[in-house]
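So you can see what is in the structure, the chains are spelled out below.
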2 protein chains.
Amino acid sequence: MAGLSSRSAVAIHALAMLANRRGGSLTSAEIADSLGSNPVLVRRVLGRLRDAGLVRSTEGRGGGWSLARAPRDITLYDAYTAVEEGQIFSRHTHPPSSACEVGRTIGVLLDDEFRSAERALEEQLGRTTIAGLLQRILASGNGAGSH
Amino acid sequence: MAGLSSRSAVAIHALAMLANRRGGSLTSAEIADSLGSNPVLVRRVLGRLRDAGLVRSTEGRGGGWSLARAPRDITLYDAYTAVEEGQIFSRHTHPPSSACEVGRTIGVLLDDEFRSAERALEEQLGRTTIAGLLQRILASGNGAGSH
DNA sequence: CAAACTGTAACCGCATCGGTTGCAGTTAAC
DNA sequence: GTTAACTGCAACCGATGCGGTTACAGTTTG
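I will try to describe carefully the structure that is included in this document. Note that the coordinates shown come from a computational prediction; the quantities given were computed from them, not determined experimentally. (Residues numbered from 1 in each chain as written. Chains lettered and ligands numbered in written order. Predicted model: local features only at pLDDT ≥ 70, side-chain atom pairs only at ≥ 80, totals over all residues. Heavy atoms only, no water.)

**Notes on the overall build of chain A**
- Helix and strand counts for chain A stand at six helices and two strands.
- Counting from the amino terminus, chain A carries its helices and strands in the arrangement α-α-α-β-β-α-α-α.
- For chain A, the spread of C-alpha atoms along the principal axes amounts to about 65 × 35 × 25 Å.
- The burial tally for chain A puts 49% of its 147 residues in the buried class.
- Put simply, of all contacts in chain A between residues at least 6 apart along the chain, 64% involve residues at least 24 apart. (Helix = DSSP H or I, 4+ residues; strand = E, 2+ residues; numbered from the N terminus. Buried < 20%, exposed > 50% of the residue type's maximum accessible area, 1.4 Å probe, protein only. Contact = heavy atoms within 4.5 Å.)

Encoded structure:
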């Protein structure tokens, strides 16, 4: 529970690679190579992106993954919310307790505070698009890239 | 990795209880009762708050925990940063990779984006103080509370 | 047919969390 | 000075989730 999974990073990385293909497709093995990971993990993550309508997959020989939306219409928040589940903050699962004034009422207020904080994080993620990210990637790297 | 620990919630709950004591002290057992948890966990969390200078502990019979600062000078961010460690987002631990243009340069940019998002969350947490939270607790609950 | 893909399920090893027990150290009450 | 009520800390447990891997069924192309 020391933070979220690395699926967001994997998802954004994959989306940036696909955007760099400009309509073309990539296999899970190619993406896994660039991530230093393995194809099964990539398919697990991209499967969630497909369920969220961000990418498409085609089966069979010559198949692979491609974007289902324009890169400028995909934000980091879209990727994040597609692959991470549940809330960032956790609460105690225990009975609300008790004869204690504070314990009785703090629950809802704490939920509000945590939700506000998470919303702030999500709004910040929503301010960056895959197109914008890719633009900065291509600007900082220089040579002509593969993939 | 499905989120943070519940230590933030425990810490904030405990701080609110201590603030409600207005200078008085509470034992870890009393706080654990209100949380539906156990004293060892409470001491683990409050120990971190003490290291951060938010509370004080006194040993021995009649000992316990009290605030080391005015409630209006303690924000939810103070509690959060004292008990949670590391970043919210994780990255792949694997070799940066590769011959891939995107993989080569995305690392730093992704770190920037994640840091910005986390900072937004932290700033939101910093906008609420323990005093403000307690005020709302006492306003929504009505009777005279114990503790 | 064979080859190259996706899509899943199953299992492993590992880290971390919350929970618990046990015990040493400290202070106050008697 | 003995007892009681605390903190402080180490050790261990079970559960959970993650990333990694193997295996295999299904699908499409050559």
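Now that the structure has been shown, we can carry on.
**Some remarks on the protein's contact with DNA strand D**
- Taken together, 26 residues sit near DNA strand D, with Ser6(A), Glu59(A), Ser28(B), Arg50(B) and His94(B) positioned nearest.
- Sugar plus phosphate: this is where 68% of the atoms of DNA strand D within 4 Å of the protein reside.
- In the model, a base oxygen of DNA strand D is placed 3.5 Å from a nitrogen or oxygen of the Gly60(A) main chain.
- One nitrogen or oxygen atom from the main chain of Arg61(B) is found 3.2 Å from a base nitrogen belonging to DNA strand D.
- Listed by contribution, the elements that provide at least two residues to the surface near DNA strand D are α3 (39-51) of chain A together with α3 (39-51), β1 (55-58) and β2 (64-67) of chain B. (Near = heavy atom within 4 Å. Polar contact = N/O pair within 3.5 Å; in protein donor to acceptor, adjacent residues only side chain to side chain.)

**Remarks on the protein's contact with DNA strand C**
- What surrounds DNA strand C is a group of 27 residues, the closest being Ser28(A), Arg50(A), Ser57(A), His94(A) and Ser6(B).
- Taking all atoms of DNA strand C within 4 Å of the protein, the share assigned to sugar and phosphate is 65%.
- Ser57(A) places a side-chain nitrogen or oxygen 2.7 Å from a phosphate oxygen of DNA strand C.
- For DNA strand C, a base nitrogen lies 3.2 Å from a polar atom in the backbone of Arg61(A).
- Looking at the surface near DNA strand C, the elements with two or more residues in it are α3, β1 (55-58) and β2 (64-67) of chain A together with α3 of chain B.
- The element contributing the most residues to the surface near DNA strand C is α3(A), with four residues.

**A few points about the interface of chain A and chain B**
- Chain A puts 65 residues into the contact, and the matching count from chain B is 66 residues.
- When chain A packs against chain B, close to 5,200 Å² is buried across both sides, 65% of that on carbon and sulfur atoms.
- Considering only the side of chain A, the residues that lose the most area to chain B are His92(A), Glu101(A) and Glu113(A), jointly responsible for 12% of the buried surface there.
- Between Glu113(B) and Arg136(A) there is a salt bridge, and its shortest N-O distance comes to 2.6 Å.
- Our count for the contact surface shared by chain A and chain B stands at nine residue pairs in polar contact (both at pLDDT 80 or more).
- Listed by contribution, the elements that provide at least two residues to the side of chain A that touches chain B are α1 (7-21), α2 (28-35), α4 (76-83), α5 (101-125) and α6 (130-140) of chain A.
- Per element, the largest residue contribution to the side of chain A that touches chain B is 16 residues, and it comes from α5(A). (Buried area = accessible area lost by both parts, 1.4 Å probe. Salt bridge = Lys/Arg side-chain N within 4 Å of Asp/Glu carboxyl O.)

**Details of the nonpolar core**
- Counting residues in hydrophobic clusters, the biggest one holds 88 residues, and the most contacted among them are Leu49(A), Leu121(A), Leu49(B) and Leu121(B).
- Contact partners of Leu49(B), with chain neighbours within four places excluded, come to Ala11(B), Leu15(B), Leu54(B), Val55(B), Ala79(B), Ala82(B) and Val83(B). (Core = buried A, V, L, I, M, F, W, Y, C linked by side-chain atoms within 4.5 Å.)

**Brief notes about the pattern of salt bridges**
All names here are of chain A.
- Inspection of every chain in the model, using the stated rule, returns 12 salt bridges over all chains.
- The salt bridge partner of Glu-85 is Arg-48, with a shortest N-O separation of 3.0 Å. Highlighted residues: Glu-85 in the loop between α4 and α5 and Arg-48 in helix α3, separated in sequence by 37 residues.
- Its salt-bridge partner being Asp-51, residue Arg-50 comes within 3.8 Å of it at the nearest N-O pair.
- Given the relative accessible area of 64%, Asp-51 is considered exposed.

**Quick word on the side chain of His13(A)**
- Mapping His13(A) onto the fold places it in helix α1.
- When residues no more than four places from it in sequence are discounted, the contact partners of His13(A) are Ser34(A), Leu35(A), Val102(B), Gly103(B) and Ile106(B).

**Thoughts on the environment of Ala32(A)**
Residue and element names in this part refer to chain A.
- Locating Ala-32 in the fold gives a position in helix α2.
- Ala-32 sits in the buried class, given a relative accessible area of 2%.
- For the pair Ala-32 and Leu-125, spaced 93 residues apart in sequence, the C-alpha to C-alpha distance is 24 Å.
- Ignoring anything within four residues of it in the chain, the contact list for Ala-32 reads Ser-37, Asn-38, Pro-39 and Val-42.

**Let's talk about the relation of the copies chain A and chain B**
- Between the two copies, chain A and chain B, the superposition gives an RMSD of 0.1 Å; the rotation angle is 180° and the shift along the axis is 0.0 Å. Expressed as a symmetry operation, the mapping of one chain copy onto the other fits a two-fold axis. Across chain A, the rotation axis passes nearest the C-alpha of Met1(A), at a separation of 2.0 Å.
- Most of the interface of chain A is mirrored in chain B, where 100% of its interface residues again form contacts. (Least-squares fit on C-alpha atoms with pLDDT ≥ 70 in both.)

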